[in-house]
Amino acid sequence: MKTLMILQNTVKRTVRNEYFPAAAVLAGVVLFWGLGFFGGLSLLSDHQTLLTTLSWLLFVYAAAVLTPLAGLLAVADLTRRWLRNRASRAAEAGTASA
């Protein structure tokens, strides 16, 4: 029971972290492209109906266009938050030493 409580507190702390949303998006983008490199065209080698193939290709096309944009926005957000926190810590250290 104690282990479960520790796990719950860890998950809550992680999900409430300010970096979590952007990091989750970036992980999803990396996972999508990683899986794409290792078998993304396997659907084309199977015998599927035309509608299934076209639907899959439209989904992949939309994902291929949107995931780099989402990845860039996630990296920009992570960088912005990290720089803001670093500047805040530097300012606090400067006022504490004065």
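Residues numbered from 1 in each chain as written. Predicted model: local features only at pLDDT ≥ 70, side-chain atom pairs only at ≥ 80, totals over all residues. Heavy atoms only, no water.

Let us now look at the overall build of the chain. The helix and strand tally for the chain stands at four helices and zero strands. Relative to the globule expectation of 13 Å for 98 residues, the C-alpha radius of gyration of the chain, 21 Å, shows a markedly less compact shape. Its C-alpha atoms give the chain principal-axis dimensions of roughly 70 × 40 × 20 Å. Within the chain, the proportion of its 98 residues that are buried is 12%. Nonlocal contacts in the chain, meaning residues at least 24 apart in sequence, comprise 84% of its contacts between residues at least 6 apart. When the accessible surface of the chain is totalled, it reaches about 8000 Å², and 73% of it is carbon and sulfur. (Helix = DSSP H or I, 4+ residues; strand = E, 2+ residues; numbered from the N terminus. Rg over C-alpha atoms; globule rule 2.2 N^0.38 Å. Buried < 20%, exposed > 50% of the residue type's maximum accessible area, 1.4 Å probe, protein only. Contact = heavy atoms within 4.5 Å. Areas by Shrake-Rupley, 256 points an atom, 1.4 Å probe, with all protein chains shown as cover.)

Now for the packing of aromatic side chains. To describe a pair of aromatic rings, you give the distance between the ring centres and the angle between the ring planes. Summed over the entire model, instances satisfying the criterion amount to two aromatic pairs. Centre to centre, the rings of F32 and W33 are 5.5 Å apart; their planes meet at 85°, and the pair counts as edge-to-face. The exposure class assigned to W33 is partly exposed, which follows from its relative accessible area of 32%. Ring geometry for W56 versus F59: centroids 5.4 Å apart, planes at 35°, classification tilted. Here W56 and its partner F59 are both found in helix α4 (residues 50-97), three residues apart, which amounts to about one turn of the helix. (Phe/Tyr/Trp six-rings, centres within 6.5 Å; stacked < 30°, edge-to-face > 60°.)

Relative to the helices and strands, N85 resides in helix α4. Excluding its chain neighbours within four sequence positions, the residues that come into contact with N85 are E18 and Y19.

All right, on to the pattern of salt bridges then. Under the counting rule described, the total for this entry stands at four salt bridges. With its nearest N and O atoms 2.6 Å apart, the salt bridge here joins D77 to R80. Taken together, the residues span about one helical turn, with D77 and R80 both in helix α4 at a distance of three residues. Using a relative accessible area of 44% as the deciding quantity, one classes R80 as partly exposed. D77 is the partner of R81 in a salt bridge, and the nearest nitrogen-oxygen pair spans 3.0 Å. (Salt bridge = Lys/Arg side-chain N within 4 Å of Asp/Glu carboxyl O.)

Remember, this is a structural readout, not a statement about activity or role.
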